[in-house]
Amino acid sequence: MNKKTLKLEVIGFIFTAVLGTLMHFIYEWSNNNSIIGLFCPVNESPFEHLKLLFFPFLIWTFIETIKLSQDKFNVYFAKLIGIVSGMFFTLAVFYISKGMFGKNFEFVNIASFFIGILAAYIISYNIIKSSKGNGLINGISFALLIIIAIGFMFLTYFPVHIPFFKDLQDNTFGITKQL
C-alpha cells in the first residue's frame, strides 16, 4: 500500500510542478481570459502565485482520491494539511529571502515554488500512510479545500489592498486592471 501511495505522490509532485510552471504563462497566453484568471495567476503578487501550487495540487488530489479510495479514507485530510503546509513553506522562503536581501530574486521565487510542492507531498504522504483522520474529518477537509478554491477565485476579483495581493511589478491588485 505505501509503495502505491509513494508512487502516486511522486507522480503528483511531477504533475504539480509541470502544470504549475505552465500555469504561470497560461493566463497571458489566453489573452487575459477572465475564466482562466480564476485558476492561473493574473499578476505578480505572492497571493496569485499560490495558485500555481494550489490548483494543480487540487486536481491531483481528486485523481489520487479515486485511485486510493479502496485503500485509504483520509486522502482529503492529508491533502488539506499538505497544501496548506506547502503554501506556508512557499511563502516562508519567499518572505525570508526578501527580508534577508531586501529584494526578490527570481531563482529564489522559483525555488520557493518547488520547495512548497515538495513539502506538500511529503506531508500528505506521511499523513496518508499513517491513516490519521476519519470520515468526518475527511469530509470537512474536502469542504475546506473547495472553500479555499472559491476563496482564490473571489480574491482574484476582489483582492484585499495589502502587499500580499499587490502586483510586484506594477503595484496593482487582482484582475480588475484587465476588466
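That block above? That's the structure.
(A) Layout of the overall build of the protein. What the protein contains, in helices and strands, is six helices and zero strands. Mapped in sequence order, the helices and strands of the protein form the string α-α-α-α-α-α. The C-alpha radius of gyration of the protein comes to 17 Å, within 12% of the 16 Å expected for a compact globule of 179 residues. For the C-alpha atoms alone, the extent of the protein along its principal axes is close to 50 × 35 × 25 Å. Across the 179 residues that make up the protein, the buried fraction comes to 41%. Working note: accessible area of the protein is about 9300 Å², and carbon and sulfur atoms make up 72% of it. Taken as two groups, the 13 positive and 9 negative side-chain charges of the protein have centres that lie 11 Å from each other.

(B) Representation of the pattern of salt bridges within the structure. Within the structure shown, the criterion is met by three salt bridges. With its nearest N and O atoms 2.7 Å apart, the salt bridge here joins Glu48 to Lys51. Across this residue pair, the class does not change: Glu48 and Lys51 are buried. With its nearest N and O atoms 2.7 Å apart, the salt bridge here joins Glu64 to Lys79. Here Glu64 is found in helix α3 (residues 51–68), whereas its partner Lys79 is found in helix α4 (residues 75–101), with 15 residues between them in sequence. For the residue pair Glu64 and Lys79, the accessibility class agrees, reading buried in each case. Overlapping salt bridges, with partners in common, bring together Glu9, Glu64 and Lys79 in one network.

(C) Quick peek at unusual backbone geometry. Its identity as a non-glycine residue notwithstanding, Asn31 has a phi of 65 degrees, on the positive side. Here Asn31 shows up in the loop between α1 (2–29) and α2 (46–49). We note that Asn32 has phi near 60 degrees; this positive angle belongs to a residue other than glycine. Its location among the elements puts Asn32 in the loop between α1 and α2.

(D) View of the side chain of Asn43. Assignment of secondary structure puts Asn43 in the loop between α1 and α2. Taking relative accessible area as the criterion, Asn43 reaches 5% and is therefore assigned buried. Engagement of the side chain of Asn43 in a polar contact is seen with the backbone nitrogen of Ser45, the distance being 2.8 Å.

(E) Region of the structure containing the packing of aromatic side chains. Across all of its chains, the model carries 18 aromatic pairs by this definition. Ring plane angle 55 degrees and centroid distance 4.7 Å describe the contact between Phe57 and Tyr121, whose orientation is recorded as tilted. With Phe57 in helix α3 and Tyr121 in helix α5 (residues 106–130), this residue pair connects regions lying 64 residues apart in the sequence. The class for Phe57 is buried, based on a relative accessible area of 1%. Between the aromatic rings of Phe113 and Phe114, the centroid separation amounts to 5.0 Å while the plane-to-plane angle is 65 degrees, which identifies the pairing as edge-to-face.

(F) Spatial organisation of the nonpolar core. Phe54, Phe55, Ile83, Met87, Leu145 and Phe152 are the most contacted members of the largest nonpolar core, which has 35 residues in total. Of all the secondary structure elements, the ones that give two or more residues to this core are α1, α3, α4, α5 and α6 (135–157). Sequence-distant contacts of Phe55, defined by excluding residues within four places in its chain, comprise Met23, Leu38, Phe39, Ala149, Phe152 and Met153.

Cut-offs used in this document
- Residues numbered from 1 in each chain as written.
- Predicted model: local features only at pLDDT ≥ 70, side-chain atom pairs only at ≥ 80, totals over all residues.
- Heavy atoms only, no water.
- Helix = DSSP H or I, 4+ residues; strand = E, 2+ residues; numbered from the N terminus.
- Rg over C-alpha atoms; globule rule 2.2 N^0.38 Å.
- Buried < 20%, exposed > 50% of the residue type's maximum accessible area, 1.4 Å probe, protein only.
- Areas by Shrake-Rupley, 256 points an atom, 1.4 Å probe, with all protein chains shown as cover.
- Lys, Arg positive; Asp, Glu negative; His and termini not counted.
- Charge placed at Lys NZ, Arg CZ, Asp CG, Glu CD.
- Salt bridge = Lys/Arg side-chain N within 4 Å of Asp/Glu carboxyl O.
- Polar contact = N/O pair within 3.5 Å; in protein donor to acceptor, adjacent residues only side chain to side chain.
- Phe/Tyr/Trp six-rings, centres within 6.5 Å; stacked < 30°, edge-to-face > 60°.
- Core = buried A, V, L, I, M, F, W, Y, C linked by side-chain atoms within 4.5 Å.
- Contact = heavy atoms within 4.5 Å.

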